[in-house]
Amino acid sequence: VVSWNTLIGGYVAQEHICDALECFQQMQLQGLSPTVASWNVLIECCSLDGKTGKALELYAEMQHQSLLPDNITYLSVLKSCSNIAALEIGERIHAQIHGISENNLYLHTALIDMYGKCGSMQKAQEVFDQISVKDLCAWTALIAGYTQQGESKRALSLFDEMRDMGVQPDGVIFLSVLTACSHAGLVHKGLKYFENMSEVCGITPTIEHHSSMIDLLGRAGQLEVALDMIKRLPSKVD
RNA sequence: CUAGGUG
């Protein structure tokens, strides 16, 4: 069974979704019972493919066979929910999680992400507050949620709060932060964060960071500064 | 053998 799972995973990695599904059926035809991991790989694959309905279908089907979903199953299903902003389904799963498994940090982060993408920052904040040890990913999920809802100032103050607590930011969270600045037209803050990122935190800006900055500058009408940044791009990249 | 955050 383990090797079947590996095989399915291989198909998924090469984006041969149909082959993966076929493979899954064939293993059952041979009288082997898929493990939770088999289902997880499949569900994960459907949510990556944007086949959210199928993912939820598989999730229901696996429960129908009296297999217990594990944390990884919930993660994949929640990811599907965030993709289509399916708040009701997400809440249903949240309720299920409470009954069945001990919540871990990965799960909490996925919930925050899901609520954020569904526009329910109220609930996202609630989940966040219940976490005892918040790591960088949890912060990012929350901050990105506020950013996406247009609550830039909330996002930025959370970021400052996080740094006061001594959590080291990474390139991913800076992208959300820069996007928040861009959204709110906070040119100076954006420039400050951008500078701070490389000089204090030692993070090398990627193309994405530069795009974000150029977007910020462009929207604020600072076209010549934006142009200047574009000109300096190639030398910074290598 | 499978798992969370960014435009």
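Residues numbered from 1 in each chain as written. Chains lettered and ligands numbered in written order. Predicted model: local features only at pLDDT ≥ 70, side-chain atom pairs only at ≥ 80, totals over all residues. Heavy atoms only, no water.

1. What to know about the overall build of chain A
Where we set the bar: In DSSP terms, a helix is any run of H or I states spanning at least four residues, a strand is any run of E spanning at least two, and both are numbered starting from the N terminus. For every residue, the accessible area (1.4 Å probe, protein chains only) is compared with the maximum for its type, and the residue is labelled buried under 20%, exposed over 50%, or partly exposed between those bounds. Contacts are assigned to residue pairs with any non-hydrogen atoms lying within 4.5 Å of each other. Only the protein chains shown count as cover for residues, and all accessible areas are computed by the Shrake-Rupley method using a 1.4 Å probe.
Looking only at helices and strands, chain A features 14 helices and zero strands. Counted from the first residue to the last, chain A has its helices and strands arranged as α-α-α-α-α-α-α-α-α-α-α-α-α-α. For chain A, the spread of C-alpha atoms along the principal axes amounts to about 65 × 40 × 30 Å. The burial tally for chain A puts 42% of its 238 residues in the buried class. Nonlocal contacts in chain A, meaning residues at least 24 apart in sequence, comprise 55% of its contacts between residues at least 6 apart. For chain A, the exposed surface amounts to about 12400 Å²; the carbon and sulfur share of it is 55%.

2. Considering the pattern of salt bridges
Any two side chains of opposite charge can pair if their charged atoms end up close together. Here is the rule we go by: A pair is scored as a salt bridge if a Lys or Arg side-chain nitrogen falls within 4 Å of a carboxyl oxygen belonging to Asp or Glu.
Considering all chains together, one arrives at seven salt bridges under this definition. Residue Lys117 pairs with Asp113 through a salt bridge whose shortest N-O separation is 2.7 Å. Of this pair, Lys117 and Asp113 both sit in helix 7 (residues 105–117), four residues apart, which is roughly one turn of that helix. When its relative accessible area of 22% is taken as the criterion, Asp113 is described as partly exposed.

3. Remarks on the protein's contact with RNA strand B
Quick reminder of the rule: By convention in these notes, a residue is near a molecule or strand provided one of its non-hydrogen atoms lies within 4 Å of it. Polar contact is defined as a pair of N or O atoms within 3.5 Å, subject to the rule that within protein one atom must be able to donate a hydrogen and the other to accept it, and that residues adjacent in sequence are counted only when both atoms are side-chain atoms. When residues are sorted by character, Ala, Val, Leu, Ile, Met, Phe, Trp, Tyr, Cys and Pro go into the nonpolar class, Asp, Glu, Lys and Arg into the charged class, and all the rest, Gly among them, into the polar class.
Taken together, 26 residues surround RNA strand B, and among them Asn5, Leu75, Thr109, Lys117 and Leu175 come closest. Near-protein atoms of RNA strand B (within 4 Å) split between backbone and bases, with sugar and phosphate holding 40%. One of the side-chain N or O atoms of Asn40 is found 2.9 Å from a base oxygen in RNA strand B. Contacts to RNA strand B include Thr109, whose side-chain N or O atom sits 2.7 Å from a base nitrogen. Of all elements in the fold, only helix 1 (2–13), helix 3 (36–48), helix 5 (71–84), helix 7, helix 9 (136–148) and helix 11 (171–184) reach the threshold of two or more residues within the surface near RNA strand B. Residue contributions to the surface near RNA strand B peak at six residues, all from helix 7. Taken together, the residues that form the surface near RNA strand B break down as 14 nonpolar, seven polar and five charged.

4. Let's talk about the layout of surface pockets
Stated precisely, the cut-off is as follows: Note on definitions: the grid is 1 Å and covers protein atoms alone; a cavity is a set of points where a 1.4 Å probe fits but cannot get out; a pocket is an open set with protein on both sides within 12 Å along at least five of seven lines; lining residues have an atom within 4 Å of a point. Grid points are joined across faces, edges and corners, and a volume is the space filled by probe spheres set on the points.
Its boundaries defined by the atoms lining it, the largest pocket holds a volume of some 370 Å³. Contributing to the lining of the largest pocket are 14 residues, with Tyr106, Thr109, Ala110, Cys137 and Ala141 lying nearest its centre. Mapped by element, the contributors of at least two residues to the lining of the largest pocket are helix 5, helix 7 and helix 9. Considering every element that reaches the lining of the largest pocket, the biggest residue donor is helix 7, with five residues. Residue composition of the lining of the largest pocket, grouped by class: eight nonpolar, two polar and four charged.

5. Examining the environment of Gly202
With respect to the secondary-structure elements, Gly202 resides in the loop between helix 12 (187–199) and helix 13 (207–219). The class for Gly202 is exposed, based on a relative accessible area of 56%. Distance from Gly202 to Asp170, taken between C-alpha atoms, is 9.3 Å for residues 32 residues apart in sequence.

6. Thoughts on the confidence of the model for chain A
To keep it simple, the criterion reads: pLDDT is a residue-level measure of predictor confidence that goes from 0 to 100.
Mean pLDDT over chain A works out to 92, with 97% of the residues at or above the 70 mark. Across the interface, the model reports ipTM at 0.91; the global pTM reads 0.90.

7. Some thoughts on the nonpolar core
This is how it is decided: Among buried residues, the Ala, Val, Leu, Ile, Met, Phe, Trp, Tyr and Cys ones that are joined through side-chain atoms within 4.5 Å form a nonpolar core.
The biggest cluster of nonpolar side chains holds 67 residues, and the ones touching the most others in it are Ile8, Ile93, Ile112, Leu142, Phe159 and Tyr193. In contact with Leu142, other than residues within four places in its own chain, are Ile112, Met121, Ala124, Gln125, Phe128 and Leu158.

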